[in-house]
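Observations on the model geometry
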Number of protein chains: 2
Amino acid sequence: MPIILACLLLSACGSLPQSPPGTLAKPSDTTTSRLIPLTSSEGEQLLYGSRAKQDFLPLSMHFVSQQNLAYCGAASMTMVLNALNIPAPIDPVYVRFPMFTQNNVFNAKTDRVVNSETIAKQGMTLDQLGGMLATYPVATQVYHAGDSSLEQFRKLAVENLKQPGNFILVNYLRTSLGQQTSGHISPIGAYDQAGDQFLILDVARFKYPPVWVKTEALWRAMNTIDDASGKTRGFVSVSRTATLDPGH
Amino acid sequence: MPIILACLLLSACGSLPQSPPGTLAKPSDTTTSRLIPLTSSEGEQLLYGSRAKQDFLPLSMHFVSQQNLAYCGAASMTMVLNALNIPAPIDPVYVRFPMFTQNNVFNAKTDRVVNSETIAKQGMTLDQLGGMLATYPVATQVYHAGDSSLEQFRKLAVENLKQPGNFILVNYLRTSLGQQTSGHISPIGAYDQAGDQFLILDVARFKYPPVWVKTEALWRAMNTIDDASGKTRGFVSVSRTATLDPGH
Ligand SMILES: [Ca+2]
Ligand SMILES: [Ca+2]
Ligand SMILES: [Ca+2]
Ligand SMILES: [Ca+2]
């Protein structure tokens, strides 16, 4: 019983427990790609040398740790909505100062997409992430890996990382990257062209630092089946709508 | 009564309510220096152009918002201890993963310096900040502005910002910078030599983004009397002790 509970908790961030589907990703068959932590000199140099890091500073200023093991999506939503400067609700801990937090990012509208009790138990799927973000005044686009391609992901993500006012969230299978464990959601902050790798700003800061991941490895980790939806994982783009912020 | 409560809450971060002492700082008499937010293009360029920003990434990876209006010191301690990779206690919200949080950074040892109930009501003084940090395996040095000088602060802080494994926390009077309100504590992340200004990673993220502050303006804001101690504010240096991490 304690084992089942631990298993549910640890796999809760983005999907139910699962074994990696053999036809889509074979993390046990392939050498897992080396992840370069941003805490290393190499990782730092890659960031400072990147020409597609427009999203890094706005996100890092709002970097938060998911506040429980199922809230990777909640933490990612919070970071992106704050970084986009979307009008925020009040969280009573900050008295009169509005800010998105993991306590107030879910509301009656997001509950209609999926209620927060369900998320607290099993996390959220890619479509639920996109659907909840779309309840805010932002434009969102959901890309399931099965309906997209590595080339499309790289192109869209690199363009996005060069532009202010929009962000990319990735939903991937951690074990496919050699990390523990199951499905996960986090924003990306930069792209390194020479090494063809993306910087994931992992919201489980108590487990992993931000890491650079090869595009191919990240794509493989997104191109996995989420048992909670029966669909592949993937990525979401989120941008301020023109009417909200015409000056940008 | 509601007015008194608001006043106590708002002035709680680092000191009791006070009026700026006339002999040390005259924020109402002088033009307040322009603060450049890191959210602006200019602020970003200053960071990327800085040659003293070694502390920025380790701190930004652990950036947190003070979780109540009195916890600027708690949030700053949390960031620095995590960035120094000091062995951390468990916070039950992260199950088995150790990490410093504002829930676990205070303990029986720090309570002997000042108990956390007092901090929750009125924040902490510079000496209390240094004393609580010193209960951890780090070397700390407290500098009251009244016993130091602008030149010493600039020299020590710039050197520190070029080195890994150590950090500077500043304790200053917000109103002296034209901000709201009273005493505050936050770590600094970078120095811009051309503009002679420091980047404050303000832990009240719900109020202010990180800002670049001229050394002279920051010094003036530190060289103010904290009524809770009767002494000037100032800064603290914190570093890993050699025995803990001989490899660095
Ligand atoms: Ca919308
Ligand atoms: Ca972007
Ligand atoms: Ca010590
Ligand atoms: Ca340093």
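Every residue gets a number counted from 1 within its own chain, in the order that chain's sequence is written. Labels are handed out in written order, letters beginning with A for the chains and numbers beginning with 1 for the ligands. With pLDDT at 70 or above as the cut-off, local features in this predicted model cover only qualifying residues; side-chain atom pairs require 80 or more to be listed or tallied, and sums for whole chains, interfaces and linings still use all residues. No hydrogens and no water enter the side-chain calculation; it runs on all heavy atoms of the structure.

**Regarding the relation of the copies chain B and chain A**
The second copy of the chain is related to the first by a rotation about an axis and a shift along the axis. Overlaying chain B with chain A gives an RMSD of 0.0 Å, the required rotation being 180° about an axis along which the chain moves by 0.0 Å. In short, the pair behaves as if placed about a two-fold rotation axis. Superposition of the copies used a least-squares fit over C-alpha atoms from residues whose pLDDT is at least 70 in both.

**Focus: the coordination of the calcium ion (ligand 3)**
All names here are of chain B. Only nitrogen, oxygen and sulfur atoms within 2.8 Å of the metal, or 3.2 Å for Na, K and Ca, are treated as donors, and water is left out, so sites may look incomplete. Only Ala 134 (O), Tyr 136 (O) and Val 138 (O) from the protein reach the calcium ion (ligand 3) as donors, at distances of 2.7 to 3.0 Å. When the donors of the calcium ion (ligand 3) are listed by position in the chain, the intervening gaps give A-x1-Y-x1-V. Classification of residues uses two cut-offs on accessible area relative to the type maximum, computed with a 1.4 Å probe and protein chains only: under 20% is buried, over 50% is exposed, and between them is partly exposed. The class of Ala 134 is partly exposed, set by a relative accessible area of 43%.

**Thoughts on the coordination of the calcium ion (ligand 2)**
Residue and element names in this part refer to chain A. At 2.2 to 2.6 Å from the calcium ion (ligand 2) lie its protein donor atoms, namely Asp 55 (OD), Asp 55 (OD), Asn 160 (O), Asn 160 (OD1), Gln 163 (O), Asn 166 (O) and Asn 166 (OD1). All donor residues of the calcium ion (ligand 2) come from one chain, and their arrangement in sequence is D-x104-N-x2-Q-x2-N. Highlighted residues: Asp 55 in the loop between α2 (41-49) and α3 (56-60) and Asn 166 in strand β3 (residues 166-173), separated in sequence by 111 residues. Each helix corresponds to a stretch of at least 4 residues labelled H or I by DSSP, and each strand to a stretch of at least 2 residues labelled E; elements are numbered beginning at the N terminus.

**Some details on the nonpolar core**
Grouping buried Ala, Val, Leu, Ile, Met, Phe, Trp, Tyr and Cys residues that are joined through side-chain atoms within 4.5 Å yields what is termed a nonpolar core. Within the largest apolar cluster, 88 residues are counted, with the highest numbers of intra-cluster contacts made by Phe 56, Met 77 and Phe 106 of chain A together with Phe 56, Met 77 and Phe 106 of chain B. By the convention used here, residues are in contact when the closest approach between their heavy atoms is within 4.5 Å. With sequence-adjacent residues up to four places away left out, Met 77 of chain A is seen in contact with Val 105, Phe 106, Met 124, Leu 129, Met 132, Leu 133 and Tyr 136 of chain A.

**Structural notes on the environment of Pro 187 of chain A**
All names here are of chain A. Tracing the sequence through the fold places Pro 187 in strand β4 (residues 183-192). When the C-alpha atoms of Pro 187 and Cys 72 are compared, they prove to be 9.9 Å apart, with 115 residues separating the residues in sequence. In this structure, Pro 187 is in contact with Leu 59, Ser 76, Met 79, Val 80, Ile 168, Leu 169, Leu 199, Ile 200, Leu 201 and Val 203, ignoring residues within four places of it in sequence.

**Side note on the environment of Val 236 of chain A**
Residue and element names in this part refer to chain A. Tracing the chain through its elements places Val 236 in strand β9 (residues 234-240). Sequence separation between Val 236 and Ala 157 is 79 residues; the distance between their C-alpha atoms is 9.7 Å. If near-sequence neighbours (up to four positions away) are discounted, Val 236 is found in contact with Leu 126, Leu 129, Gly 130, Leu 133, Thr 140, Gln 141, Val 142, Phe 167, Ile 168 and Leu 169.

**Points about the packing of aromatic side chains**
Any pair of Phe, Tyr and Trp rings, taking the six-membered ring for Trp, is counted once the centres come within 6.5 Å. Such a pair is stacked with planes under 30 degrees apart, edge-to-face with planes over 60 apart, and tilted for the rest. Scanning the entire structure with this criterion turns up 19 aromatic pairs over all chains. Their ring planes at 80° and their centres at 6.1 Å tell us that Tyr 48 of chain A and Tyr 48 of chain B sit as a pair that is edge-to-face. Placement of Tyr 48 of chain A in helix α2 and of Tyr 48 of chain B in helix α2 (residues 41-49) is noted, with the two residues assigned to different chains. The class for Tyr 48 of chain B is partly exposed, based on a relative accessible area of 26%. An aromatic cluster is defined as three or more aromatic residues linked by ring pairs; in this entry it consists of Tyr 143, Phe 153, Tyr 191, Phe 198, Trp 219 and Phe 235 of chain A.

**What about the pairing of strand β4 (residues 183-192) of chain B?**
On a regular strand, one side chain projects to one face of the sheet and the next to the other, so that they alternate. Residues and elements named next belong to chain B. Across the 10 residues of β4, 10 count as buried, placing the element largely inside the fold. Bridge count for β4 against strand β5 (residues 197-200) is 4 bridges, and the pairing is antiparallel. Bridge pairing in β5 links Ile 188 to Ile 200. Connecting β4 to the next strand, β5, in antiparallel fashion are 4 residues, including Asp 196 with a positive phi near 45°. A pair of strands is considered paired only if DSSP assigns at least 2 bridges between the two.

**Observations concerning the confidence of the model for chain A**
If pLDDT is low for a region, its predicted coordinates should not be looked at in detail. Residues and elements named next belong to chain A. Averaged over all residues, the pLDDT of chain A is 88; the fraction at 70 or higher stands at 85%. Confidence over residues 1-12 falls short of pLDDT 50; this stretch has 17 contacts with residues more than four positions distant or in other chains. Overall, residues 244-248 carries pLDDT values under 50, and its contacts beyond four positions in sequence, including any with other chains, amount to 5 contacts. Every residue gets a pLDDT, meaning the predictor's confidence in that residue, from 0 to 100.

**Regarding the interface of chain B and chain A**
Contact residues are listed per partner, giving 32 residues for chain B and 32 residues for chain A. Summed over both partners, the accessible surface that disappears when two parts come together, traced with a 1.4 Å probe, is what is meant by buried area. Both sides together, the interface formed by chain B and chain A hides about 2800 Å², and carbon and sulfur atoms give 69% of it. A side-chain nitrogen of Lys or Arg and a carboxyl oxygen of Asp or Glu constitute a salt bridge if their distance falls within 4 Å. Summed over the shared surface of chain B and chain A, the number is 0 salt bridges. N or O atoms closer than or at 3.5 Å make up a polar contact, with two conditions inside protein: a donor-capable atom paired with an acceptor-capable one, and, for residues adjacent in sequence, both atoms drawn from side chains. Between the two partners, chain B and chain A, sit 4 residue pairs in polar contact (both at pLDDT 80 or more). For the side of chain B that touches chain A, the secondary structure elements donating two or more residues are α2 and α3 (56-60) of chain B. Broken down by element, the residue count for the side of chain B that touches chain A peaks at 4 residues, all from α3 of chain B. Classes in brief: Ala, Val, Leu, Ile, Met, Phe, Trp, Tyr, Cys and Pro nonpolar; Asp, Glu, Lys and Arg charged; the others, Gly included, polar. Each residue belonging to the side of chain B that touches chain A can be placed in one class, and the counts come to 19 nonpolar, 8 polar and 5 charged.

**Some words on the sheet that holds β9 of chain A**
Strands in a sheet are paired, the pairing made by backbone hydrogen bonds, and the direction either parallel or antiparallel. All names here are of chain A. If you walk across this open sheet you meet the 7 strands as β1-β6-β5-β4-β3-β9-β2, and the pairing is antiparallel. At either margin of the open sheet sits one strand with a lone partner, and together these are β1 (36-37) and β2 (138-144). Where β2 lies against β9, 7 bridges are found, and the strand directions are antiparallel. Its bridge partner lying in β9, Val 142 is registered against Val 236. Angular values range over 0 to 180 degrees, each being the angle between N-to-C directions of two axes fitted as lines to C-alpha atoms, with helices fitted over their stretch in contact. Sheet strands in contact with helix α4 (residues 72-83) are β2, β3, β4 and β9, and its direction is about 40° off that of β4.

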